[in-house]
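# Descriptive structure summary
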Amino acid sequence: MARRGGFPGGMPGNMANLMKQAQKMQRQMEEQAKEMETKEFTATAGGGAVEVTVSGTKKVLKVKLDEEAVDPDDVEMLEDMIVAAVNEALEKVDQESAAGMSKFTGGMGGGMPGLF
């Protein structure tokens, strides 16, 4: 006796297609993640006095300071500019990552919870 709601002989065609699409989407997302690893994002603060470059994996790669920004009497201002530039560069990483993900999720926001 067959169970109600069961699918004798395997998954129905629509479910199989959905699984193939999900696998394809997962491969594309993995490719995007690898691509992000090679990208660099740069941001400045203080009118260019501080420049920070981060990787797509959110690692700080370089900090460049204009020597005029280095004032021993105002270290706090330099610290604030560095923080601002780092945060802006990281925001650029997040924006590019989100833009790439929206290609796969079709603008569904958080994607498909539990599926990936």
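For the structure itself, consult the block above.
Described in the following lines is the structure provided in the data block. For clarity, every value in this text was computed on a predicted model and none was experimentally measured.

Here we come to the sheet that holds strand 2 (residues 50–55). Here 3 strands make up an open sheet; going across it, the order is 1-2-3 and the pairing antiparallel. Each having just a single partner strand, strand 1 (40–45) and strand 3 (60–65) make up the two edges of the open sheet. Averaged over all pairs of adjacent strands, the angle between their axes in this sheet comes to 15°, without regard to strand direction. When strand 1 meets strand 2, the two strands line up antiparallel, connected through 6 bridges. Looking at the pairing, A43 lines up with V52 of strand 2.

Moving on, we get to a negative patch on the surface. A contiguous patch of negative charge on the surface is contributed by D71, D73, D74, E76, E79 and D80. Within the element layout of this structure, E76 appears in helix 2 (residues 75–105).

Turning our eyes to something else, we now look at the pattern of salt bridges. Tallied over the full model, the rule gives 3 salt bridges. Note that K39 is salt-bridged to E35, the shortest N-O span being 3.4 Å. Residue classification places K39 among the partly exposed positions, given a relative accessible area of 24%. Residue E35 is classed as partly exposed on the basis of its relative accessible area of 45%. With a closest N to O distance of 2.6 Å, K58 and D94 form a salt bridge. A residue pair is termed long-range when its members are at least 10 positions apart, and K58 in the loop between strand 2 and strand 3 and D94 in helix 2 qualify at 36 residues. With relative accessibility at 44%, the residue K58 sits in the partly exposed group. On the basis of relative accessible area, D94 is assigned to the partly exposed category, the value being 36%.

Parameters and conventions
- Each chain carries its own residue numbering, running from 1 in the direction its sequence is written.
- In keeping with the predicted nature of the model, local features appear solely for residues at pLDDT of at least 70, side-chain atom pairs appear and are counted solely at 80 or more, and the whole-chain, interface and lining totals rest on all residues.
- Side-chain metrics in this entry use all non-hydrogen atoms of the structure; hydrogen atoms and water are not considered.
- Whether two strands pair comes down to DSSP finding at least two bridges between them.
- The way it works is that DSSP assigns letters per residue, a run of H or I at least four long becomes a helix, a run of E at least two long becomes a strand, and they are numbered from the N terminus.
- With axes taken as lines fitted to C-alpha atoms, and helix axes fitted only over the stretch in contact, angles between N-to-C directions fall between 0 and 180 degrees.
- Exposure above 30% relative accessible area and no salt bridge define the residues that can form patches, which grow by joining like charges within 9 Å and nonpolar side chains of Val, Leu, Ile, Met, Phe, Trp and Tyr within 5 Å.
- To be clear on the numbers: accessible area is Shrake-Rupley with a 1.4 Å probe, and residue cover counts the displayed protein chains and nothing else.
- When a carboxyl oxygen of Asp or Glu lies within 4 Å of a side-chain nitrogen of Lys or Arg, that pair is called a salt bridge.
- For the charge count, each Lys or Arg is scored as positive and each Asp or Glu as negative, with His and the chain ends excluded.
- A charge is said to be at NZ when it belongs to Lys, at CZ for Arg, at CG for Asp and at CD for Glu.
- Relative accessible area decides the class of each residue, using a 1.4 Å probe on protein chains only: under 20% of the type maximum gives buried, over 50% gives exposed, and in between gives partly exposed.

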